[in-house]
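Chain residues, written in single-letter form:
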Amino acid sequence: MIKFKAGRKNMKIVFINVPWMKYYAGEGDEEKLVPSCGYNFQYVNGFYYGYGEGLDKIHIEEIEGMTEQDEMAEDVTVVFTAKNRKDENKVIGWYKKATIYRELQESLSLDSERPVFKYSIKAPASYAVLLPVELRLLDAKPMEEGIFFEKDEHILRDIAMYIHNYQDDQMNFIFKQKDIEGQSILNFPEYEMYFAKADEFLAKDLYGKAVRCFNKAIAVEPELALGYECKGSIFLSLKMYNEALEIYKKVLVLEPDNIGATYCMGLLNGLLGNYETSLEYYNTYLAQRKTDSNALAERGTVYYLIGEEELAKKDVKKAYKLEPDNKIIEMINQYIK
């Protein structure tokens, strides 16, 4: 792998060929099943995690400066390519400042979409671009699915300059910081109208505008928990875990017995690796909702992650008995076994 200067910045570049999709955020597009790369541009608490066929073991010694003893390569630009419906291989996006791991990273997770979380690449979301379909125009040489270590210096220089100069649209959604606390300019005579308007925005995936409506509702009635709960649910659904955690803390200040917020605090702390705190909230929640199979499976996952395997098996077994047709619980049960 060649390391060279593009402008003022050194760049190390690898290529990864994946199946053609539109979003790469858990949506299958025309595919009946989401392929292994289908979550590559799904935002997860500030990062994207890359995976695909042929990436269980990556020979990172092919990257300049890396050896066979190194377990990861940092500050790499990962260029994703895919064959379009005309069988033309095109650049579809990239991660900058990525870390590539030699061995597949795998663990049990509280993420209901990916209870067994796998990745080979991790990159800050702010340094990633997924090109809109109509802008996937740059040709890439034909390659098999998986990783490719390009050796041609001219190709590397051209792609580096293309990435450096790209300023057009991108499809990967990143929540704007100004929307987190900004208020809607709308003024309604009734408090509930802000929620109705937010629902309209959510139906169009206009998350920033919806949050601004909830912020306005909070400003109008700061002692009511509902506005915070709605805002927190958006952040949780968008996998903005740190932001959601702070919101649900406020909900419990206003309503200490709010059982829904208690559950969310268990889930969020578990997702963020605060396992002991997560267990405290799950225990409080499950004392009142003993037959919530999802919460039982999630608490079992937390137990497993801290090494309490017998407690983990007990919770997950109970959850599986309550809901044997739940595919997520079945997957967790098999993993723990």
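Model, not experiment: these values are computed from the prediction.

Parameters at a glance
- Residues numbered from 1 in each chain as written.
- Predicted model: local features only at pLDDT ≥ 70, side-chain atom pairs only at ≥ 80, totals over all residues.
- Heavy atoms only, no water.
- Helix = DSSP H or I, 4+ residues; strand = E, 2+ residues; numbered from the N terminus.
- Rg over C-alpha atoms; globule rule 2.2 N^0.38 Å.
- Contact = heavy atoms within 4.5 Å.
- Buried < 20%, exposed > 50% of the residue type's maximum accessible area, 1.4 Å probe, protein only.
- Pairing = 2+ DSSP bridges.
- Phe/Tyr/Trp six-rings, centres within 6.5 Å; stacked < 30°, edge-to-face > 60°.
- Lys NZ or Arg CZ within 6 Å of the ring centre and 35° of its normal.
- Axes fitted to C-alpha atoms, helices over the stretch in contact; angles between N-to-C directions.
- Parallel < 35°, antiparallel > 145°, perpendicular 65-115°, else oblique.
- Nonpolar A, V, L, I, M, F, W, Y, C, P; charged D, E, K, R; others polar.
- Left-handed = near helix turned anticlockwise from the far one by under 90°.
- Disulfide = S-S within 2.5 Å.
- Salt bridge = Lys/Arg side-chain N within 4 Å of Asp/Glu carboxyl O.

A. Spotlight on the overall build of the protein chain. Check the secondary structure of the protein chain and you find eleven helices and eight strands. Taken against the 2.2 N^0.38 rule, which gives 20 Å for 337 residues, the C-alpha radius of gyration of the protein chain at 22 Å falls within 12% of a compact globule. For the protein chain, the C-alpha atoms occupy an extent of roughly 65 × 55 × 35 Å along the three principal directions. Long-range pairs, those at least 24 residues apart, make up 63% of the contacts in the protein chain with a sequence separation of at least 6.

B. Broad picture of the environment of Glu229. Structurally, the position occupied by Glu229 is in helix α5 (residues 226–237). Sequence separation between Glu229 and Gly260 is 31 residues, and the spatial gap between their C-alpha atoms is 9.0 Å. What Glu229 contacts, discounting residues up to four positions off in sequence, is Tyr248, Val251 and Asn258.

C. Structural view of unusual backbone geometry. Backbone geometry places Asp87, a non-glycine residue, at a positive phi of 65 degrees. In this structure, Asp87 sits in the loop between β4 (72–83) and β5 (89–108). One non-glycine residue, Lys97, lies in positive phi territory at about 55 degrees. Note on Lys97: relative accessible area 32%, which makes it partly exposed.

D. Up close: the pairing of β5. Sheet topology places β4 next to β5; nine bridges connect them, and they run antiparallel. Looking at β5, one finds that Met72 is bridged to Tyr101. The antiparallel hairpin formed by β4 and β5 contains five residues in its connecting segment, where Asp87 sits at a positive phi of about 65 degrees. The sheet contact formed by β5 and strand β7 (residues 128–130) spans three bridges and is antiparallel. When the bridges of β7 are listed, Tyr95 appears paired with Ala128. Here β5 runs beside strand β6 (residues 116–124); their pairing, made up of six bridges, is antiparallel. Within β6, the position partnered with Glu106 by the bridge is Lys118.

E. Focus on the packing of aromatic side chains. For the structure shown, the criterion picks out 23 aromatic pairs. Relative to Phe41, the ring of Tyr24 has its centre 6.3 Å away and its plane inclined at 65 degrees; by these criteria the two rings are edge-to-face. One end of the pair, Tyr24, is in the loop between β2 (9–17) and β3 (47–50); the other, Phe41, is in the loop between β2 and β3, with 17 residues separating them in the sequence. One exposure class covers both Tyr24 and Phe41, and it is buried. Relative to Tyr119, the ring of Tyr101 has its centre 5.7 Å away and its plane inclined at 80 degrees; by these criteria the two rings are edge-to-face. Taken together, the residues Tyr101 in strand β5 and Tyr119 in strand β6 connect sequence positions 18 residues apart. Assessed through its relative accessible area of 13%, Tyr101 is described here as buried. Taken together, Tyr24, Phe41, Tyr48, Phe80 and Tyr95 form an aromatic cluster joined through their ring pairs. Over the ring of Phe47 we find Lys122; its NZ or CZ atom is 4.4 Å from the centre of that ring.

F. Summary view of the packing of helix α3 (residues 192–203) against helix α4 (residues 207–220). α4 packs onto α3 with a crossing angle of 170 degrees between their chain directions and a minimal axis gap of 8 Å. In terms of their interaxial angle, α3 and α4 are classed as roughly antiparallel. Of the residues in α4, those in contact with Tyr194, Phe195, Lys197, Ala198, Phe201 and Leu202 of α3 are Tyr207, Lys209, Ala210, Cys213, Phe214, Lys216, Ala217 and Val220. Of the residues assigned to the contact of α3 with α4, the class counts are eleven nonpolar, no polar and three charged.

G. View of the packing of helix α10 (residues 309–322) against helix α11 (residues 327–336). Taken N-terminus to C-terminus, the directions of α10 and α11 make an angle of 150 degrees; their axes are 9 Å apart at the nearest point. Taken as a pair, α10 and α11 cross one another with a handedness that is left-handed. Note on element contacts: α11 touches α10 through Ile329, Glu330, Ile332, Asn333 and Ile336, opposite Ala312, Lys313, Val316, Ala319 and Tyr320. Of the residues in the contact of α10 with α11, the class split is seven nonpolar, one polar and two charged.

H. Looking closely at the state of the cysteines. All chains considered together, the criterion is met by zero disulfides. For Cys264, which is in no disulfide, the shortest distance to another cysteine sulfur is to Cys230 and amounts to 12 Å. Assessed through its relative accessible area of 10%, Cys264 is described here as buried.

I. Fine view of the pattern of salt bridges. In this structure the tally under the stated criterion is 14 salt bridges. Measuring nitrogen to oxygen at the nearest pair gives 3.7 Å for the salt bridge that ties Glu181 to Lys231. With Glu181 in helix α2 (residues 177–181) and Lys231 in helix α5, this residue pair connects regions lying 50 residues apart in the sequence. Measuring nitrogen to oxygen at the nearest pair gives 3.2 Å for the salt bridge that ties Glu200 to Lys197. Remark: Lys197 and Glu200 occur in helix α3; sequence separation between them is three residues, near one turn of the helix.

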